[in-house]
Amino acid sequence: MRQVISSRWTIVFKLLVPLTLVALSVFFVLSRFSYSPGPPADGLIGTSLILIATAFFSWWGWRLKRVSLDEQNLYVSNWFKETAIPLSEVVAFDSLVGGWPILVRLRAGSDFGRGIVFLAPWRPLLFSSHPILEELRQLISQHK
């Protein structure tokens, strides 16, 4: 039986946050440059910061995947395409402090590359790893 291990917030971070930032960027740039003959220095700095944040969060959100698993496979989806990856092909599961996001490293490339990023269900874990990481690491050690 398949178990979804990625957060429900993935779609928000994948689509809503980047689209909102793009809309804010367009609004900010148009409002900043359409009513003044020359933008002041703070307008350029603010515009640059918003464009950099938009580019970063769009890139980061694009990489996020929906992930589920069963006893044999890891199923990775970007909502348009899904691929099954045997657990024997998974090298490691890594995360930042607090367990958000989780990086899946693969032996060989898949349809989504050699590294897959997903968000585990959020838990306030500031200085410890996410509980799902230990379960995932045990699963891949059984399939080696």
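What comes next is a walk through the structure. Being a predicted model, the structure only gives us computed values, none of them experimental. (Residues numbered from 1 in each chain as written. Predicted model: local features only at pLDDT ≥ 70, side-chain atom pairs only at ≥ 80, totals over all residues. Heavy atoms only, no water.)

## So, the sheet that holds strand S6 (residues 102–110)
In plain terms, the rule: Strands are treated as partners if at least two bridges between them are detected by DSSP. Strands here are runs of E lasting at least two residues and helices are runs of H or I lasting at least four, both read from the DSSP assignment and numbered beginning at the N terminus. Angles shown run from 0 to 180 degrees and are taken between the N-to-C directions of axes, each axis being a line fitted to C-alpha atoms and, for helices, limited to the stretch in contact. Residue contacts are defined here by distance: any two heavy atoms, one from each residue, within 4.5 Å place the two residues in contact.
If you trace the 3 strands from one edge of the open sheet to the other, you get S5-S6-S7, paired in antiparallel fashion. Every other strand in the sheet has two partners, leaving strand S5 (90–95) and strand S7 (113–118) as the edge strands with one partner each. Looking at each pair of strands side by side, their axes are set apart by 25° on average, direction ignored. Where S6 and S7 come together, 5 bridges link them in antiparallel fashion. Paired with Ile-102 across the two strands is Phe-118, which belongs to S7. In the packing of helix H3 (residues 131–142) onto the sheet, contacts are made with S5, S6 and S7, and the angle to S5 comes to roughly 170°.

## Re the layout of surface pockets
Under the convention used in this document: Only protein atoms enter the 1 Å grid used here, on which a cavity is any set of points holding a 1.4 Å probe that cannot leave and a pocket is any open set flanked by protein within 12 Å on both sides along at least five of seven lines; residues with an atom within 4 Å of a point are listed as lining. Grid points are joined across faces, edges and corners, and a volume is the space filled by probe spheres set on the points.
Considering only enclosed or pocket space, the largest pocket measures out at about 180 Å³ in volume. Together, Ile-11, Lys-14, Leu-15, Pro-18, Leu-19, Ser-58, Gly-61, Trp-62, Asn-78, Trp-79 and Phe-80 line the largest pocket. Those elements that place two or more of their residues in the lining of the largest pocket are helix H1 (10–34) and helix H2 (41–63). The element contributing the most residues to the lining of the largest pocket is H1, with 5 residues.

Fair warning: the whole summary comes from geometry, so function is off the table for now.
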